[in-house]
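These are the residues of each chain, in order.
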Amino acid sequence: EAAVTQSPRNKVAVTGGKVTLSCNQTNNHNNMYWYRQDTGHGLRLIHYSYGAGSTEKGDIPDGYKASRPSQENFSLILELATPSQTSVYFCASAGTGGAYAEQFFGPGTRLTVL
Amino acid sequence: GDSVTQTEGPVTVSESESLIINCTYSATSIAYPNLFWYVRYPGEGLQLLLKVITAGQKGSSRGFEATYNKETTSFHLQKASVQESDSAVYYCALGGYNQGKLIFGQGTKLSIKP
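Small disclaimer: the values here were computed from a predicted structure and weren't measured. (Residues numbered from 1 in each chain as written. Chains lettered and ligands numbered in written order. Predicted model: local features only at pLDDT ≥ 70, side-chain atom pairs only at ≥ 80, totals over all residues. Heavy atoms only, no water.)

The next thing to look at is the environment of Gln83 of chain B. All names here are of chain B. Along the chain, the position of Gln83 falls in the loop between strand S9 (77–79) and strand S10 (88–95). When its relative accessible area of 43% is taken as the criterion, Gln83 is described as partly exposed. As for Gln83 and Val13, which are separated by 70 residues in sequence, their C-alpha atoms are 9.4 Å apart. Each residue touching Gln83, except ones within four places of it in the same chain, is listed here: Glu15 and Ile112. (Helix = DSSP H or I, 4+ residues; strand = E, 2+ residues; numbered from the N terminus. Buried < 20%, exposed > 50% of the residue type's maximum accessible area, 1.4 Å probe, protein only. Contact = heavy atoms within 4.5 Å.)

Below, the structure is given as structure tokens:
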């Protein structure tokens, strides 16, 4: 069964600080995704990746960078965190690039920026 | 644009009663939309509940079912008799992009009264 883990699970950061959220998957999936989920909104795509070394902008990339150093790991980086980035972040992976591929999600990281 | 709208939560249903969570979609840039229901139990990541990739077909899982209706652009989730263990947040999602991206509804929090 697909296993996607995220760290940390909870994070409190200060405005202007740098935050790195990490995601690891053990199913050798090519595609990985970062979403944020806010009350009243569905999950919104921030960045995604087709494989090691690749990152692509999603629907709301401003203020975020992504890094995919290996097949297993995909990080989301907030260089200068702002209170508007307070949210729950989900990482997901999928096995193929096709439209039918099921996405497997991590448990989420709750980020609070003060 | 492409979007998903679902029943505004929270929703409370008594155990053994029937449930319907409405989902409608707009897929202006997707030639062949795929539709999904994901569920998030407390403390866990999202997991796929069911998916339907062909219009007119019905998907079912764990007593839940949803029919992909292209005419009404709907994909409502139904269950005849809910259980306390069904308490969770349910997300309707639209796919069909080459990159495997999904567009999510805002989520519907379901609570079951014993």
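Right, let's get into the sheet that holds strand S3 (residues 19–21) of chain B. Strand pairs in the sheet, formed through backbone hydrogen bonds, run parallel or antiparallel to each other. All names here are of chain B. Here we have 4 strands laid out as an open sheet, ordered S3-S9-S8-S7, and antiparallel in their pairing. Each end of this open sheet is capped by a strand with a single partner; those strands are S3 and strand S7 (58–61). The mean inter-strand angle of the sheet, taken between neighbouring strand axes irrespective of direction, is 20°. Examined bridge by bridge, strand S8 (residues 64–67) and S9 share 3 bridges and lie antiparallel to one another. The residue bridging Phe64 from the neighbouring strand is Lys79, located in S9. (Pairing = 2+ DSSP bridges. Axes fitted to C-alpha atoms, helices over the stretch in contact; angles between N-to-C directions.)

Let us look at the state of the cysteines. For the structure shown, the criterion picks out 2 disulfides over all chains. Shown here is the disulfide that connects Cys23 of chain A with Cys91 of chain A, its sulfur atoms set 1.9 Å apart. When the S-S torsion is -80°, as for the bridge of Cys23 of chain A with Cys91 of chain A, the disulfide is left-handed. In this pair, Cys23 of chain A sits in strand S3 (residues 19–25) while Cys91 of chain A sits in strand S9 (residues 87–94), placing the two residues 68 residues apart along the sequence. Residue Cys91 of chain A is classed as buried on the basis of its relative accessible area of 0%. Cys23 of chain B shares a disulfide with Cys92 of chain B; S-S distance 2.0 Å. On the S-S bond that ties Cys23 of chain B to Cys92 of chain B, the torsion sits near -65°, and the link is left-handed. With Cys23 of chain B in strand S4 (residues 23–26) and Cys92 of chain B in strand S10, this residue pair connects regions lying 69 residues apart in the sequence. (Disulfide = S-S within 2.5 Å.)

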